[in-house]
Amino acid sequence: RTISPYAAPKGGARPLLDGTPGPASSVAKAPTLAGAAVTVPARLGTVKAGPRAPGPVVPKPIGSPVDAASTLFAPEAEKADLVKKLGKLKETNKQANGKWWSFCKVHGEGKLDANAHDVPFLLTFFESFDLNEIPDEPGCPFVVARAPSPKSSRLPAGTPLAVG
């Protein structure tokens, strides 16, 4: 016997799609088995619903676009890109080595190897570097300490000299 989920029985409530009656229904529960096909009436005929037989599994060729898309935004790829970006920055910018050293000393337990840090650490460094928010730490071997210029030791013009 097929129970139509679209027609209400005499009790006023219609059964649910899984064959169980709705509230206050006098319709008996339809016998269904897990995994068994259920016949559901449709507008233009009867439709069979239920588990499908597994189809053939076709292996994708190695290097297909689907394989590339899954690794395109992997954390390892992002980290590798950031490590390369840091290397280029340190080659092209004189201050970058000192800022990286200072940043690692304060926030990275002194580890200077970019691969030893995670993606958020590297992103924070680049953001702080772009905003010029990384102070030079004392003892940084990349920061050249400037000697005071001779002009700074001179007295301002018009200052009387003390003759003793």
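Our structure's up above, just so we're on the same page.
Calculation rules
Along each chain, residue indices are assigned from 1 in the same order as the chain's sequence is written. Owing to the predicted nature of the model, reporting of local features is limited to residues with pLDDT of at least 70; listing and counting of side-chain atom pairs is limited to 80 or more, with chain, interface and lining totals taken over all residues. Computation of side-chain values covers all heavy atoms of the structure but excludes hydrogens and water. Strands are runs of DSSP state E lasting at least 2 residues, helices are runs of H or I lasting at least 4, and numbering of each runs from the N terminus. Buried, partly exposed and exposed residues are distinguished by accessible area as a fraction of the type maximum, computed with a 1.4 Å probe on protein chains only: under 20%, between the cut-offs, and over 50%, respectively. The contact criterion used is simple: two residues touch if any of their non-hydrogen atoms lie within 4.5 Å. Accessible surface is estimated by sampling points in the Shrake-Rupley manner with a 1.4 Å probe; for residues, cover comes only from the protein chains shown. To obtain an axis, a line is fitted to C-alpha atoms, over the contacting stretch when the element is a helix, and the angle between two such axes runs from 0 to 180 degrees between their N-to-C directions. Here the angle decides the label: under 35 degrees means roughly parallel, over 145 means roughly antiparallel, 65 to 115 means roughly perpendicular, and every other value means oblique. Amino acids are sorted into nonpolar (Ala, Val, Leu, Ile, Met, Phe, Trp, Tyr, Cys and Pro), charged (Asp, Glu, Lys and Arg) and polar (every other residue, Gly among them). Any pair of nitrogen or oxygen atoms within 3.5 Å is treated as a polar contact; in protein, a donor-acceptor pairing is required on top of that, and neighbouring residues in sequence qualify only through side-chain atoms on both sides. Left-handed is the label given to a crossing in which the near helix is rotated counterclockwise from the far helix by less than a right angle, and right-handed is the label when the rotation is clockwise. Here, nonpolar core refers to any group of buried Ala, Val, Leu, Ile, Met, Phe, Trp, Tyr and Cys residues whose side-chain atoms link them within 4.5 Å. Only the six-membered ring of Trp is used, alongside the rings of Phe and Tyr, when aromatic pairs are assigned; centres must lie within 6.5 Å, and planes under 30 degrees apart are stacked while those over 60 apart are edge-to-face, with the rest tilted. Charge-over-ring placement is defined geometrically: NZ (Lys) or CZ (Arg) within 6 Å of the ring centre, and within 35 degrees of the ring normal.

Peer 1: Please explain the overall build of the chain as it appears in this structure.
Peer 2: Each helix and strand counted, the chain has 4 helices and 2 strands in total. The order of α-helices and β-strands along the chain, N terminus first, is β-β-α-α-α-α. Looking at the 164 residues of the chain, the share that counts as buried comes to 21%. Long-range contacts, defined here as pairs at least 24 residues apart, represent 47% of the contacts in the chain between residues at least 6 apart. When the accessible surface of the chain is split by element, carbon and sulfur atoms take 60% of a total near 13000 Å².

Peer 1: Got a minute to help me understand the packing of helix α2 (residues 75-92) against helix α3 (residues 96-107) in this structure?
Peer 2: The description of two packed helices rests on the angle between their axes and on the distance between the axes. Across the interface, α2 lies against α3 with an axial gap of 7 Å and an inter-helix angle of 130°. One finds that α2 runs oblique with respect to α3. On α3, the residues touching L86, L89 and K90 of α2 are A96, N97 and W100. Considered class by class, the residues forming the contact of α2 with α3 number 4 nonpolar, 1 polar and 1 charged.

Peer 1: When you look at the side chain of K99 in this model, what are you seeing that I'm missing?
Peer 2: Checked against the element boundaries, K99 lands in helix α3. When its relative accessible area of 10% is taken as the criterion, K99 is described as buried. Within polar-contact distance, the side chain of K99 engages the side chain of D136 at 3.2 Å. Setting aside residues no more than four positions away along its own chain, K99 makes contact with F125, F129, N132, I134, P135 and D136.

Peer 1: Please explain unusual backbone geometry as it appears in this structure.
Peer 2: Comment: phi is negative for the bulk of residues other than glycine, and the bulk of peptide bonds are trans. Phi is positive for E109, close to 55°, though the residue is something other than glycine. Tracing the backbone through its elements, the reader meets E109 in the loop between α3 and α4 (119-130). Unlike most non-glycine residues, N132 shows phi in positive territory, near 55°. Note on placement: N132 falls in the segment after α4. According to the relative accessible area criterion, N132 is exposed, its value standing at 59%.

Peer 1: Looking at this structure, how should I read the packing of α2 against α4?
Peer 2: Axis separation between α2 and α4 bottoms out at 10 Å; the angle between their running directions is 35°. The hand of the α2/α4 crossing is left-handed. Residues P75, E78, K79, L82, V83, K85, L86 and L89 of α2 form the contact with α4, whose own contacting residues are V119, L122, L123, F125, F126 and F129. For the contact of α2 with α4, the residue count by class is 11 nonpolar, no polar and 3 charged.

Peer 1: What should I look at first to understand the nonpolar core in this one?
Peer 2: In summary, soluble globular proteins display a tendency toward joint burial of nonpolar side chains. Ranked by internal contacts, the top residues of the largest apolar core, which has 16 residues, are W100 and F125. Of the residues forming this core, the biggest block, 6 residues, is contributed by α4. The residues touching F125, leaving out its near neighbours within four places in the chain, are L86, L89, A96, K99, W100, F103 and I134.

Peer 1: Honestly, the environment of V143 in this entry has me stumped. Any pointers?
Peer 2: Mapped onto the elements, V143 comes out in the segment after α4. With 44 residues separating them in the primary sequence, V143 and K99 have C-alpha atoms 8.9 Å apart.

Peer 1: When you look at the packing of aromatic side chains in this model, what are you seeing that I'm missing?
Peer 2: The geometry of an aromatic ring pair comes down to the distance between the two centres and the angle between the two planes. Counted according to the given criterion, the structure contains 6 aromatic pairs. With 5.0 Å between their ring centres and 55° between their planes, F103 and F121 make a pair best called tilted. With a gap of 18 residues between them, F103 in helix α3 and F121 in helix α4 connect regions that are remote in the sequence. Each member of the pair F103 and F121 is classed as buried. Ring centres 5.6 Å apart and planes at 65° place the aromatic pair F125 and F126 in the edge-to-face group. An identical accessibility class is assigned to F125 and F126; each is buried. An aromatic cluster of at least three residues, connected via ring pairs, comprises W100, F103, F121, F125, F126 and F129. Sitting over the ring of F126, K85 keeps its end group 4.5 Å from the ring centre.

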